Number of protein chains: 2
Amino acid sequence: MPAISGRGQKAYDSPIRTLIPFADAAEKRGTEVIYLNIGQPDIETPQNALAAVKNYDDRVIKYAPALGNTSYREKLPEYYRRFGIDVAPDDIMITTGASEAILLTMLSCLDEGDEIIVPEPFYAIYNGFSNIAKVKIVPLLCTVDDGYKLPQPADFERVITKRTQAIFICNPNNPTGCLYSERALQELAVLVKRHDLFLIADEVYREFCYDGQEFFSILNLPGLEKNAVVADSISKRYSACGARIGSLVTRNAEVISAAVKYARYRLSPPGLGQILAEATIDTPPAYMAEVVAEYDRRRVALYERLRKMPGVVSYRPGGAFYNFVQLPIDDSDRFCKWLLTDFSYHGTTVMLSPGTGFYATPGLGKNEVRIAYVLNVKDLNRAMDVLEAALEEYLKGRGERIETDR
Amino acid sequence: MPAISGRGQKAYDSPIRTLIPFADAAEKRGTEVIYLNIGQPDIETPQNALAAVKNYDDRVIKYAPALGNTSYREKLPEYYRRFGIDVAPDDIMITTGASEAILLTMLSCLDEGDEIIVPEPFYAIYNGFSNIAKVKIVPLLCTVDDGYKLPQPADFERVITKRTQAIFICNPNNPTGCLYSERALQELAVLVKRHDLFLIADEVYREFCYDGQEFFSILNLPGLEKNAVVADSISKRYSACGARIGSLVTRNAEVISAAVKYARYRLSPPGLGQILAEATIDTPPAYMAEVVAEYDRRRVALYERLRKMPGVVSYRPGGAFYNFVQLPIDDSDRFCKWLLTDFSYHGTTVMLSPGTGFYATPGLGKNEVRIAYVLNVKDLNRAMDVLEAALEEYLKGRGERIETDR
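Residues numbered from 1 in each chain as written. Chains lettered and ligands numbered in written order. Predicted model: local features only at pLDDT ≥ 70, side-chain atom pairs only at ≥ 80, totals over all residues.

Moving on, we get to the overall build of chain A. Scanning chain A from N- to C-terminus turns up 13 helices and 12 strands. For 406 residues, the compact-globule estimate of 2.2 N^0.38 gives 22 Å, and chain A sits close to it at 21 Å. Projecting the C-alpha coordinates of chain A onto the three principal axes gives extents of approximately 60 × 60 × 55 Å. For chain A, restricting intrachain contacts to residue pairs at least 6 apart in sequence, the fraction spanning at least 24 positions comes to 76%. (Helix = DSSP H or I, 4+ residues; strand = E, 2+ residues; numbered from the N terminus. Rg over C-alpha atoms; globule rule 2.2 N^0.38 Å. Contact = placed C-beta atoms within 7 Å.)

Moving on to the sheet that holds strand β9 (residues 322-326) of chain A. Residues and elements named next belong to chain A. Spatially, β9-β12-β11 is the arrangement adopted by the three strands of the open sheet, whose pairing is antiparallel. In this open sheet, the two strands that pair with only one neighbour each are β9 and β11 (353-354). Pairing analysis gives five bridges linking β9 to strand β12 (residues 368-372), with the strands arranged antiparallel. What sits directly across from Tyr322, in β12, is Ala372. (Pairing = 2+ DSSP bridges.)

To continue, consider the relation of the copies chain A and chain B. Each of the two chain copies can be brought onto the other by rotation about an axis and movement along it. Note on the copies: chain A fits chain B at an RMSD of 0.0 Å, the axial shift is 0.0 Å, and the rotation between them is 180°. Overall, the copies show the geometry of a two-fold rotation axis. Using C-alpha coordinates, one finds that chain A approaches the rotation axis most closely at Lys54 of chain A, a distance of 2.1 Å. An overlap of 100% is found between the interface residues of chain A and their copies at the interface of chain B, pointing to a shared contact surface. (Least-squares fit on C-alpha atoms with pLDDT ≥ 70 in both.)

The partner chain B presents 62 residues to the 61 residues of chain A that form the contact. Those elements that place two or more of their residues in the side of chain A that touches chain B are α1 (6-10), α3 (47-54), α5 (97-109), α6 (126-133), α9 (253-265) and α10 (271-280) of chain A. Ranked by the residues each element gives to the side of chain A that touches chain B, the list is headed by α9 of chain A, at seven residues. Classifying every residue of the side of chain A that touches chain B by side-chain character gives 27 nonpolar, 18 polar and 16 charged. (Nonpolar A, V, L, I, M, F, W, Y, C, P; charged D, E, K, R; others polar.)

For the rest of this paragraph, the subject is the nonpolar core. Ranked by internal contacts, the top residues of the largest apolar core, which has 267 residues, are Leu199, Ala259 and Leu276 of chain A together with Leu199, Ala259 and Leu276 of chain B. Setting aside anything within four residues of it in sequence, one finds Leu276 of chain A in contact with Ala49, Ala52, Val53, Ala240 and Ala243 of chain A together with Leu272 of chain B. (Core = buried A, V, L, I, M, F, W, Y, C linked by C-beta atoms within 7 Å. Buried ≥ 20, exposed ≤ 12 C-beta atoms within 10 Å, placed from the backbone.)

Residues and elements named next belong to chain A. Helix α12 (residues 332-341) packs onto helix α2 (residues 20-28) with a crossing angle of 20° between their chain directions and a minimal axis gap of 8 Å. By the angle class used here, α2 and α12 are roughly parallel. Helix-helix and strand crossings are classified by hand; for α2 and α12 the assignment is left-handed. Seen from α2, the contacting residues are Phe22, Ala23 and Ala26; seen from α12, they are Lys337, Leu340 and Thr341. Looking at the contact of α2 with α12 residue by residue, the class counts come to four nonpolar, one polar and one charged. (Axes fitted to C-alpha atoms, helices over the stretch in contact; angles between N-to-C directions. Parallel < 35°, antiparallel > 145°, perpendicular 65-115°, else oblique. Left-handed = near helix turned anticlockwise from the far one by under 90°.)

Residue and element names in this part refer to chain A. Where strand β3 (residues 115-120) lies against strand β4 (residues 136-141), six bridges are found, and the strand directions are parallel. Counterpart to Glu115 in the pairing with β4 is Lys136. One crossover worth recording links β3 to the parallel β4 by way of α6, and it is right-handed. (Right-handed = clockwise from strand over helix to strand, strands pointing away.)

Residues and elements named next belong to chain B. Spatial strand order, β2-β8-β7-β6-β5-β3-β4: seven strands in an open sheet with mixed pairing. Here the strands that pair on one side only, and so sit at the sheet edges, are β2 (92-95) and β4 (136-141). Taking each pair of neighbouring strands and ignoring which way they run, the sheet shows an average axis angle of 25°.

Moving on, we come to the domain arrangement of chain A. All names here are of chain A. According to the domain assignment, chain A consists of domain 1 (6-44 + 286-397) and domain 2 (47-280). Each of domain 1 and domain 2 was reduced to a C-alpha centroid, and the two centroids are 26 Å apart. Across the boundary between the two partners, domain 1 contributes 32 residues, which contact 30 residues of domain 2. Only α11 (285-308) and β9 provide two or more residues apiece to the side of domain 1 that touches domain 2. With five residues, α11 is the largest single contributor of residues to the side of domain 1 that touches domain 2. Per-class residue counts for the side of domain 1 that touches domain 2 are 17 nonpolar, 11 polar and four charged. (Domains from an automatic or database assignment.)

Another aspect to go through is helix α13 (residues 377-397) of chain A. Residue and element names in this part refer to chain A. The terminal C-alpha atoms of α13, which comprises 21 residues, lie 30 Å apart, in line with the 30 Å expected from a rise of 1.5 Å per residue. Buried within α13 are the following residues: Leu380, Ala383, Met384, Val386, Leu387, Ala390, Leu391 and Tyr394. Along the axis of α13, the buried residues cluster in a sector spanning 160°; they form a single face. Exposed side chains of α13 directed beyond 90 degrees from the buried face belong to Lys378 and Lys396. (Expected span 1.5 Å × (residues − 1). Arc of directions from axis to C-beta.)

Here the focus is the confidence of the model for chain A. Of all residues in chain A, 98% attain a pLDDT of 70 or more, and the chain-wide mean is 95. Note on the complex model: pTM 0.95, ipTM 0.93. (pLDDT = per-residue confidence, 0-100.)

Glancing now at unusual backbone geometry. Negative phi values dominate among residues other than glycine, just as trans dominates among peptide bonds. Residue and element names in this part refer to chain A. With omega at -10°, the peptide bond leading from Asn171 into Pro172 counts as cis. By the element assignment, Pro172 lies in the loop between β5 (164-170) and α8 (182-195). Looking along the chain, the bond that leaves Asn174 and enters Pro175 is cis, with omega of 20°. For Pro175, the position within the fold is in the loop between β5 and α8. We note that Ser239 has phi near 45°; this positive angle belongs to a residue other than glycine. Residue position: Ser239 is located in the loop between β7 (228-233) and β8 (246-250). C-beta crowding within 10 Å serves as the criterion here: with 25 such atoms nearby, Ser239 is assigned to the buried category.

This is the structure:
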């Protein structure tokens, strides 16, 4: 029997994977599991977009161009203009989700062994793409104490080496929910320009900004036209995760022309998903206003519960739909597993993402979890009842004392 | 301005790309271009499959599991059983086209620097994936003289080195149209087993076999259960290229478990495409019978025209929908370009794929082109009128004499 590849054996695997069998087993035992571990919204996909798929009347599902359907690329600038982002169809490549945009950007902008600075905690899957592209992620620590703010330019400067080719941010941030300010981005831009780096941003949560704060795109940083590359997706904003439609947006034509060479290998992005995606641009603004208002209610409800729990350190996230929270525990993997294997509260438990999965630096995240507020307020409150009772029992069982100084 | 990566600059690009602007220019001049260069069938996607998408009534387009929808994976064995292939849902991973199945197989089965033997001419895009995976394609020559038959085991043996980890075939073959016999595959199996290699097959043209010949899958080679890995797709058989749904099929659980780690980075295969793909399995058999009969008519019509052209060496392909043909030319890139820039016949010209793009060995394919018979017989005949007139004028212009000994 031939052996699989060494890289296949060692390939990055999401730590959350190991919890899934325990969640399945809990359900089999009759325990209800409230899933707060994944970014799968429960919000309905816009009806006009679903209707566009139903009304699709071409009788052959043909290959799209590798860059994506021309009609969709010509319409997307209209969407970006709503955020004051002025891009042309030629600046846009349609991708199979933001995932593909990230991989193609890494391959196009970085060579093997090049370094990419990423504030941590960060979305775990970046590890997978950096492994395939063989680029080195250099993490830069953010902490709950200042709401996981973007590190200062001096902090970035400190980790820049000869091999640094890019800075990669996610804004609003997954997993922290931090919305980076225009000022912080302008300050970062100076550094990026001085070192002639690429600035790559995952902006898939663009719509989800709260407390009256406005989103600011790296595509609007003056002087950074050739440095800025955005990975985008309709998955979150239009609750269409399964459509697998994203985009790579940059005014650097060389990046697009390298990325499209790679894109040609997979021939075209999904055809039916593109029909849906193009129609989302005509979704009435009321849809998004209501979606954001709903997430805001959840965000506030979740934060209000978390801040009252003894020993829990949280902050009020300004964007996305995650809260990254410190719990009075010392092994988040064990705690999240214990929730599924050993605990229930009135027949219910909760699945959370251990913080460890979001750090490249070993040892970090052991007292943190990510909570995705992708469920309605009522279910979120039930989940928080579970978490509150769980923390009490978990700590009692281990004879620990909950610090209540905050 | 930051420089893009060296690999991005050097990334494999399909040579046919350089011809597209010339085809566009020809159309702008008012010349009709008959496209025989791509494998995009004109056949209708099955209506029941399109209807399944229209009837889809889930109100949220959710992430599918990384392995693909369970219902689809559970139904696919029914499809494979029609070819006498006995596989279980656990042997199947749904992919974003066969393209993704090939990349994930390379990453999972081969390490950087490992060698993979591929009979040439071969589907050009394999070069792209082998570049990303950093594996070395070792080509093994097939020729028109014996109908591009699978090389003998001794030929494979000759190029096996310590780094050889896999043999990769496409059956029925793109670009040659050769259908490999069961006997040839059984002989190859002995070698594969002796050297404990992976045998990887792109079997996306499985349905398209002619002259009463039957398709034989590598999944049916006894003793090779852990060696055989198939990349598959619904694109060709159900004329659904744009759905981007394929599969990776193997009874080697370690390969699946490595591949799914990579697959998790992109979260899930396209959701709407999977709805369509699952429904294709219930397509009435009459659909496929008529499709194959239609391709057969085209195949015969095309072959009959080619064999009568002076200086043209063709063979009657047994599968797929391509004919790889020797023309009395010495620079297929130049000839294919000339067809678009300098020639028309009654206002019409034809776009062909230069043979050079299908060889890894430099210098080969200069007198060959690939013709995809994805158009009806009438248009194929018009295209052959063009080709016949074109060859005459091209050779006359260059003062060459057409050899007519064959």
